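# Close look at the chain arrangement
Each chain is listed here by its residues.
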Number of protein chains: 4
Amino acid sequence: MTDLAAVKAALTSQAVETASWAYGNSGTRFKVFTQPGVPRTPREKLDDAAKVHEFTGAAPTVALHIPWDTVDDYAALAAYARDRGLTLGAINSNTFQDDDFRLGSVCHPDPAVRRKAVDHLLACVDIMDATGSRDLKLWFADGTNYPGQDDLHARQDRLAEALATVYERLGEGQRMLLEYKFFEPAFYATDVPDWGTAYAHCLQLGPRAKVVVDTGHHAPGTNIEFIVATLLREKKLGGFDFNSRFYADDDLMVGAADPFQLFRIMYEVVRGGGLTADVAFMLDQCHNIEAKIPAIIRSVMNVQEATAKALLVDGEALGAAQRSGDVLEANAALMDAYNTDVRPLLAEVREEQGLDGDPMGAYWSSGWAEKTAAERVGGQQAGWGA
Amino acid sequence: MTDLAAVKAALTSQAVETASWAYGNSGTRFKVFTQPGVPRTPREKLDDAAKVHEFTGAAPTVALHIPWDTVDDYAALAAYARDRGLTLGAINSNTFQDDDFRLGSVCHPDPAVRRKAVDHLLACVDIMDATGSRDLKLWFADGTNYPGQDDLHARQDRLAEALATVYERLGEGQRMLLEYKFFEPAFYATDVPDWGTAYAHCLQLGPRAKVVVDTGHHAPGTNIEFIVATLLREKKLGGFDFNSRFYADDDLMVGAADPFQLFRIMYEVVRGGGLTADVAFMLDQCHNIEAKIPAIIRSVMNVQEATAKALLVDGEALGAAQRSGDVLEANAALMDAYNTDVRPLLAEVREEQGLDGDPMGAYWSSGWAEKTAAERVGGQQAGWGA
Amino acid sequence: MTDLAAVKAALTSQAVETASWAYGNSGTRFKVFTQPGVPRTPREKLDDAAKVHEFTGAAPTVALHIPWDTVDDYAALAAYARDRGLTLGAINSNTFQDDDFRLGSVCHPDPAVRRKAVDHLLACVDIMDATGSRDLKLWFADGTNYPGQDDLHARQDRLAEALATVYERLGEGQRMLLEYKFFEPAFYATDVPDWGTAYAHCLQLGPRAKVVVDTGHHAPGTNIEFIVATLLREKKLGGFDFNSRFYADDDLMVGAADPFQLFRIMYEVVRGGGLTADVAFMLDQCHNIEAKIPAIIRSVMNVQEATAKALLVDGEALGAAQRSGDVLEANAALMDAYNTDVRPLLAEVREEQGLDGDPMGAYWSSGWAEKTAAERVGGQQAGWGA
Amino acid sequence: MTDLAAVKAALTSQAVETASWAYGNSGTRFKVFTQPGVPRTPREKLDDAAKVHEFTGAAPTVALHIPWDTVDDYAALAAYARDRGLTLGAINSNTFQDDDFRLGSVCHPDPAVRRKAVDHLLACVDIMDATGSRDLKLWFADGTNYPGQDDLHARQDRLAEALATVYERLGEGQRMLLEYKFFEPAFYATDVPDWGTAYAHCLQLGPRAKVVVDTGHHAPGTNIEFIVATLLREKKLGGFDFNSRFYADDDLMVGAADPFQLFRIMYEVVRGGGLTADVAFMLDQCHNIEAKIPAIIRSVMNVQEATAKALLVDGEALGAAQRSGDVLEANAALMDAYNTDVRPLLAEVREEQGLDGDPMGAYWSSGWAEKTAAERVGGQQAGWGA
């Protein structure tokens, strides 16, 4: 039997971090489609993020991406965020959009390029000091496109050295989150291609290095919730980059492609104690063709719905069926929660927080879309493409 | 026993079509890296293509992409090509880089957008008339990113209608080549996702509509040579877009990722009579990090090597083993050809044509790379990204 | 707005065909685990199937597999079924468990083996005459394990010839359903590997040849509902072999691995008119570790739930959003139905039919499991392995 | 420049371990095809293995599988092997073919079943003591078929406990090799699904626990040579189970499906010092339709050819190109070795050892196939199926 009050309390306290770059334009290699009202500055991104938090009550932090969110005064940016009910979240580094990084960054064969990459990472830690961010999130596009292009072994050595340098620099309470990715933009060998590689490096580095699971960064068929359970068991799960995919790193709205998988992931998070521990729930999506703010609101809601279902699993019934080896009954106990329509429960949770039960409707009624489309004219729309 | 003279004759007559856009910059959604000496105009692309043909003797035609290769006078462009020993090949349409095409082109829910797309396709046929091109190559980025986004059934109806309009417009000796692609840039449902769909439409259209096999456009594990054999058997193979991949549509140099697969494909081409029939062998690759002209030379050579091995298969021994059900012997007959080092044979074929036996070395010695890097300064480098 | 009475009527009339072999033991290549109470004869399988129909009201027909269900008198077997409220469904051929079929059946290089295979298929049509079955379901394990092992092209010719012979033999009102499969047990090239190949053969044969979609028989990532929509549009969808998979042809209970996919498939069935047309909804699963009868009851319920959700889609709202290009709203219209808990509705539908609203509970209370475990002792348990 | 004498020396000393069970019948879940002359006892398997070694000179050890190779006197079996020029290799445990193991072995929810599994593993170490085997190879079929079926986290705890018990029992010079597998026979969550999980357990256990890479046990598209390089860098590569696949764990002859991949793997082995270190090169294949002994001879030859090509890579040229960032040249350096026909070199190496240069021809001429087919009549042919 589930304790409904505890479920509601857990849902009320759940926080999802949105990404500054998701408010800007994005696209595929074929085309970046622009949208009206897209922010042109980091502050406008925060304005949009504040709307997502206003209507969901569940998105209080915003991740930055350097250099896309470069400003002169990060403390001022943090204050700007605070004024809107937000705090700044993870700092995301970028070592893939400079011509020097054609053959890699921290794994590049040329020490001068590696140094340049490490300097950027260290500068990101400086920014963390200014913004008060806890997490440095590292995703490396490093890899090779052709067999023989570079030495796989040596690239790991270089990677380990760079990570150690940056890890040393971390201040009190700061963490390093290392992301892995199956492929893209490297098409033969990616230098951190799987959780095993990220885990091995984090283990070597120390307790403040943790693995980030991007739900779109796996080989076809990979059981992601198994990885989540394993990393939680090993105390090495740092957080999620949430999104969804049918094929590769499609970066669709989380929960859109396989809501059952999202539920299974959240079930392992709940079961492994990840909901209360230091696991960061971040969105990392590309809203190429859909309106950005409502897509992010929908994504936050999808995470909440999966979490609600995970919390509703009757652990006692499930455990009893598992222990007795009753395959059908154990599966049924899990599915019973999944098949529940939790939307009324979440509306209730929102209303108890003084929010509208229907965040999408509330957003559309707010006039924000029309206002920004009218006001944000001229200037350079933010984007993350090359 | 193989007839070496016939093998050499087949190799001498084999032609690979290079793509104008492959001489320009390309990249991933993360970054387009620029290179020195990249052409800035369709004529400069033809200059580069002429070098590939000069050193390989096997790349006499060049595919154009509209609007990337838009010029005022296509007849003049064709003459410019002829002066360099080239002819213009397939015309590739582009209905994916206009903001109107955010939700599709010929499958778009709005008839006005569909009309715009069809008008572009008809304009491409006009260009074919001017250039003397035989083939209109159609790849549609059309599709949807989210379940429910549009009606799958209705989109097929719209596609069929658009294709019929364009097919009607084809002149004497012109063909329509329809390409399929598993995914990207659509991430839920692509409107022409597999050979079956392309085949069904081509069947409906008539004998001049044929299927194009892009070797990077399949689901993981797909047996491409089976599709090649089947389309040849059905007289519906129009040609290839050659490239290679380890993961998705990586667009690496053909033969780089799985040379054995390329050999198996070429074996089915040879066995099915595709080498002498109207099958177009085109390259469609993205040379994101490697030098462009030598990468294309290497690709032509890789196709030649796979073809040479396919031609060397001892058909009599193979057939005898197959008929007797000797699995190991039949496999060995095929592998015997694959394991042969055909580079000396191809050097001989080239030398008999008055070419250097080593096209790569000859290109590097020619000074072309240095010359274009020095001369092609300023202006806008050609590229195919958004 | 959905018409609830129409939804209920559709659900009441939906029929799912269960497979005789699913009541017997099954397993993987590593081990077949036996279970108590498993039937030992075709009649005992029908007894079990009658239980599934008794508790669900939705499983009135049973597919047979020849030779696993070989009996002396098929008319008597049909009468036995009728006495239990059942009718006999599709006849499934088996050309993969005879030593002669090591290198294939209808595609075998040896004409004598092909003749033996065709004779078996013709014998299956004889059985259809006796049982009154409408459908001959053909799945061929034919294929090759090694490149070169046999001629891909010639195998298609042999296949076409065999199919034509059998098609000719079909009687009034009989159909041929051709199944495709990505791989297994052939590991290099399967002779009917995808819907395109099955479709091309069926087109050649005539209107009574249709394609069967087994939901576990696709390459990773394949959009199955697209195939369903396409085959319905082409009037070539004969039916389904339902099951589910995380990896390959795992043959888990339908809806267990990806309930959202099952919903999307059923949505396309409803949208394409497949619910009322001649589409056969068959289960084809391997209950390796779970109890068989309740697993089949669960599977029937999963199909019903997916169908109910598909029927609940508000077509008007969906169509309006699609026409206006509102990606988020269109997706939301579909998801609104998916997120609905339809279990109360289905309980109601069952109770209106005089059934227990909870088929699983009713089955467990019936004592059938205990009774069969006690009585079915000795003899040879039915199974489908080698 | 490569040192040909060193290449030859390395090839001469390379040893491939064949598997006793590969000489017996095998199949898929659909059918096990039997062959004439298949061994009926462990001694007959050794007789066959001796033939493989006799003709290749490169297969001096034979892995056993318990209980398939259970004998009363293992020391006598070892002596029997020695008399034929062989030694006994890895002991492979089997915890998947007992009805008790339906829901797992060392991860089973019931402690009594876990104890039974651990007892079997300990018994295998006893056998190692008797046979003088160095390696205990552990592959667990453990896993779950349905979400919720069992607790993923708890299963890891149980696994860790079992492994620790067995690790403790290892004697001087004995090692534990832990194998991972993506899926099959578990279809939802496998308990050791990837190298990361195996690595994490081995790290916890100690230096004598190492990871085994079965080349057929990965998700589609996985870069296996990256894993090999990483494990070698971490001193955790214990060995290989060689085979090949186009789809899943197809267990075809190694090198048959992707000879270029095998070459890349062997290149990383050579580069990482794995050829001289304690890496076991084992075959683990299912020869379902091809003759067994010659298929194993072919497999040994395929490993030799890939190794020869890997040894022929011009490390100096490759390193120079890599350091200078010349993508095409570095790739070309690797491909130059791959494209070399090494069959003459290997024939020479064999002849220098006093062997026939053509092991396949020599085997077929030996009369062994006819002799065993005639003599091994009656009795129970060995097999590995259920």
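This structure is a prediction, so every number in the text was calculated from the model and none was measured. Within each chain, residue numbers correspond to sequence positions counted from 1 in written order. Naming scheme: in the order in which they are written, chains are lettered from A and ligands are numbered from 1. Totals for whole chains, interfaces and linings use every residue, but because this is a predicted model, local features are given only for residues with pLDDT of at least 70 and side-chain atom pairs only at 80 or more, for both listing and counting. Hydrogen atoms and water are omitted, and side-chain values are computed over all heavy atoms in the structure.

### Some details on the overall build of chain A
Our working rule: By definition, any uninterrupted DSSP run of H or I lasting at least four residues is a helix, any uninterrupted run of E lasting at least two residues is a strand, and each is numbered from the N terminus. With the radius of gyration taken over C-alpha atoms, the globule rule is written as 2.2 Å times the number of residues to the power 0.38. Accessibility here uses a 1.4 Å probe with only protein chains present; expressed as a share of the type maximum, an area under 20% marks a residue as buried, one over 50% as exposed, and anything in between as partly exposed. In what follows, a contact means two residues having at least one pair of non-hydrogen atoms within 4.5 Å. In this description, accessible areas are obtained by the Shrake-Rupley approach with a 1.4 Å probe, and a residue is regarded as covered only by the protein chains that are shown. Within this scheme the basic residues Lys and Arg register as positive and the acidic residues Asp and Glu register as negative, but His and the chain ends are omitted. All charge positions are set by atom: Lys at NZ, Arg at CZ, Asp at CG, Glu at CD.
When its secondary structure is counted, chain A shows 14 helices and 10 strands. A compact globule built from 386 residues would reach a C-alpha radius of gyration of about 21 Å, and chain A, at 21 Å, matches this within 12%. Counting every position in chain A, which comprises 386 residues, the buried fraction comes to 70%. When contacts within chain A are restricted to residue pairs at least 6 apart in sequence, those whose partners lie at least 24 apart make up 78%. Here chain A displays about 12000 Å² of accessible surface, and carbon together with sulfur accounts for 50% of that area. Separation of charge centres in chain A, based on 36 positive and 55 negative side chains, amounts to 2 Å.

### Some thoughts on the relation of the copies chain D and chain C
Copy one and copy two of the chain differ by a rotation about a common axis and a shift along it. Convention followed: Copy-to-copy alignment: least squares on C-alpha atoms, limited to residues at pLDDT 70 or above in both.
At an RMSD of 0.0 Å, chain D and chain C line up after a rotation of 180° and a shift of 0.0 Å along the axis. In symmetry terms, the pair is related by a two-fold rotation axis. When C-alpha distances to the rotation axis are compared across chain D, the minimum falls at Arg29 of chain D, with a value of 2.0 Å.

### Comments concerning the packing of aromatic side chains
Selection rule: Here a Phe, Tyr or Trp ring, Trp counted by its six-membered ring, pairs with any other such ring whose centre lies within 6.5 Å, and the pair is stacked when the planes are under 30 degrees apart, edge-to-face when over 60, and tilted otherwise. The rule is short: NZ of Lys or CZ of Arg within 6 Å of the ring centre and within 35 degrees of the ring normal puts a charge over the ring.
The final tally for this structure, using the stated rule, is 80 aromatic pairs over all chains. Aromatic side chains Phe240 of chain D and Phe281 of chain D sit 5.8 Å apart centroid to centroid with 10° between the ring planes, which places their arrangement in the stacked category. Linking Phe240 of chain D in strand β9 (residues 237-242) with Phe281 of chain D in strand β10 (residues 280-283), this pair joins segments that are 41 residues apart in sequence. Just as Phe240 of chain D is buried, Phe281 of chain D falls in that class too. Three or more aromatic residues joined by ring pairs make a cluster, and in this case those are Phe182, Phe183, Phe187 and Tyr188 of chain A together with Phe246 and Tyr247 of chain B. Here the guanidinium or amino end of Arg264 of chain A rests over the ring plane of Phe260 of chain A, the centre of that ring lying 4.7 Å away. Its end group placed over the ring of Tyr80 of chain D, Arg84 of chain D keeps NZ or CZ at 3.5 Å from the ring centre.

### So, the pairing of strand β2 (residues 61-65) of chain B
Residue and element names in this part refer to chain B. To keep it simple, the criterion reads: A clockwise course of the path from the first strand over the helix to the second, judged with the strands pointing away from the viewer, identifies a crossover as right-handed. Between any two strands, at least two bridges found by DSSP are needed for them to pair.
Extensive coverage of β2 is indicated by the burial of five of its five residues. Both faces of β2 are covered, namely the face carrying Thr61, Ala63 and His65 and the face carrying Val62 and Leu64. In the classification by handedness, the crossover that spans strand β1 (residues 17-19), the intervening helix α2 (residues 42-56) and the parallel β2 is right-handed. With four bridges connecting them, β2 and strand β3 (residues 87-92) associate as parallel partners. Note that in β3 the partner of Thr61 across the bridge is Thr87. Once the chain exits β2 it traverses helix α3 (residues 74-83) before rejoining the sheet at β3, and the crossover so formed is right-handed.

### Details of the pairing of strand β8 (residues 209-214) of chain A
Residue and element names in this part refer to chain A. Here β8 lies mainly inside the structure; six of its six residues are buried. By the bridge criterion, four bridges tie strand β6 (residues 175-179) to β8 in an arrangement that is parallel. Looking across to β8, one finds that Leu177 is bridged to Lys210. Here four bridges tie β8 to strand β9 (residues 237-242), and the two strands are oriented parallel to one another.

### Let's talk about the packing of α2 of chain B against α3 of chain B
All names here are of chain B. Rules: Every axis corresponds to a line fitted to the C-alpha atoms, with the helix fit spanning only the stretch in contact, and the corresponding angles, defined between N-to-C directions, vary from 0 to 180 degrees. For this classification, under 35 degrees means roughly parallel, over 145 means roughly antiparallel, 65 to 115 means roughly perpendicular, and everything else is oblique. For a crossing to be left-handed, the near helix must be turned anticlockwise from the far one by less than a right angle; the clockwise case is right-handed.
With their axes 10 Å apart at the nearest point, α2 and α3 run at an angle of 25° to one another. Considering the angle they form, α2 stands roughly parallel to α3. Here α2 runs over α3; the crossing is right-handed. Taken together, the residues of α3 that come into contact with α2 (itself represented by Pro42, Arg43, Leu46 and Asp47) are Ala76, Leu77, Tyr80 and Ala81.

### Points about the nonpolar core
We count it as follows: The nonpolar core is taken to be a set of buried Ala, Val, Leu, Ile, Met, Phe, Trp, Tyr and Cys residues, with the residues joined through side-chain atoms within 4.5 Å.
If you look at the biggest cluster of nonpolar residues, it comprises 457 residues, and the most contacted ones within it are Phe240 of chain A, Phe240 of chain B, Phe240 of chain C together with Phe240 of chain D. Membership of the second largest hydrophobic core comes to 84 residues, among which are Leu252, Val327 and Leu328 of chain A together with Tyr146 of chain B.

### Let's talk about the UniProt feature "domain: Xylose isomerase-like TIM barrel" (unreviewed entry) in chain A
Worth spelling out the cut-off: UniProt positions are given in the numbering used here, feature names are shortened, and annotations may be inferred rather than shown by experiment.
UniProt tags residues 66-249 of chain A as "domain: Xylose isomerase-like TIM barrel" (unreviewed entry). This span, residues 66-249 of chain A, is 38% helix and 17% strand, and a straight line between its end C-alpha atoms measures 21 Å.

### Things to note about the pattern of salt bridges
Put simply, the rule reads: Every case where a carboxyl oxygen of Asp or Glu lies within 4 Å of a side-chain nitrogen of Lys or Arg is listed as a salt bridge.
Counted according to the given criterion, the structure contains 132 salt bridges over all chains. For Lys181 of chain C, the salt bridge identified is with Glu184 of chain C, shortest N-O distance 2.7 Å. Judged by relative accessible area, Lys181 of chain C falls into the buried class, the value being 2%. Ionic contacts of the salt-bridge type, sharing partners, join the residues Arg29 of chain A together with Lys181, Glu184, Asp249 and Asp251 of chain B into one network.

### Some words on the relation of the copies chain A and chain B
When chain A is brought onto chain B, the operation consists of a screw motion whose angular component is 180° and whose axial shift is 0.0 Å, with 0.0 Å RMSD remaining. A share of 100% of interface residues in chain A that are also interface residues in chain B marks the association as one of identical surfaces.

### Examining unusual backbone geometry
Following Glu184 of chain B, the chain continues into Pro185 of chain B via a peptide bond in cis, with omega recorded as 10°. Looking at the element boundaries, Pro185 of chain B is found in the loop between β6 (175-179) and β7 (189-190). Although it is not a glycine, Glu184 of chain A adopts a positive phi angle of roughly 80°. With respect to the secondary-structure elements, Glu184 of chain A resides in the loop between β6 and β7 (189-190). Phi at Asp251 of chain B is positive, roughly 60°, even though this residue is not glycine. Mapped onto the fold, Asp251 of chain B is located in the loop between β9 (237-242) and α8 (259-271). Classification of Asp251 of chain B as buried rests on a relative accessible area of 5%.

### Overview of the packing of helix α9 (residues 292-312) of chain D against helix α13 (residues 359-366) of chain D
All names here are of chain D. To keep it simple, the criterion reads: Classification used: nonpolar for Ala, Val, Leu, Ile, Met, Phe, Trp, Tyr, Cys and Pro, charged for Asp, Glu, Lys and Arg, polar for all others including Gly.
The contact between α9 and α13 brings their axes to 10 Å, and the two run at 160°. Classified by the angle between their axes, α9 and α13 sit roughly antiparallel to one another. Here α9 and α13 pass one another in a crossing that is right-handed. Contacts between α9 and α13 involve Ile293, Pro294, Ile297, Arg298 and Met301 on the former and, on the latter, Pro359, Met360, Tyr363 and Trp364. Split by residue class, the contact of α9 with α13 holds eight nonpolar, no polar and one charged.

### Considering the interface of chain A and chain B
For the record, the criterion: Using a 1.4 Å probe, buried area is obtained as the accessible area two parts lose upon being combined, added over both of them. N or O atoms within 3.5 Å of each other form a polar contact, as long as, within protein, one can give a hydrogen and the other can take it, and as long as residues adjacent in sequence are counted only when both atoms are side-chain atoms.
Taken together, the contacts link 44 residues of chain A with 44 residues of chain B. Interface area for chain A against chain B, summed over the two sides, is near 4200 Å², with a carbon-plus-sulfur share of 63%. Applying the counting criterion to the chain A and chain B interface returns eight salt bridges. Measuring nitrogen to oxygen at the nearest pair gives 2.9 Å for the salt bridge that ties Asp251 of chain B to Arg29 of chain A. Linking chain A with chain B are 18 residue pairs in polar contact (both at pLDDT 80 or more), by the criterion used here. Split by residue class, the side of chain A that touches chain B holds 25 nonpolar, eight polar and 11 charged.

### Thoughts on the interface of chain D and chain C
Of the residues lining the interface, 44 residues belong to chain D; the matching set on chain C comes to 44 residues. Together, the buried faces of chain D and chain C total about 4200 Å²; carbon and sulfur atoms form 64% of this surface. If you look at where chain D meets chain C, you find eight salt bridges. For Arg29 of chain D, the salt bridge identified is with Glu184 of chain C, shortest N-O distance 2.9 Å. Remark: the boundary between chain D and chain C carries 18 residue pairs in polar contact (both at pLDDT 80 or more). Considered class by class, the residues forming the side of chain D that touches chain C number 25 nonpolar, eight polar and 11 charged.

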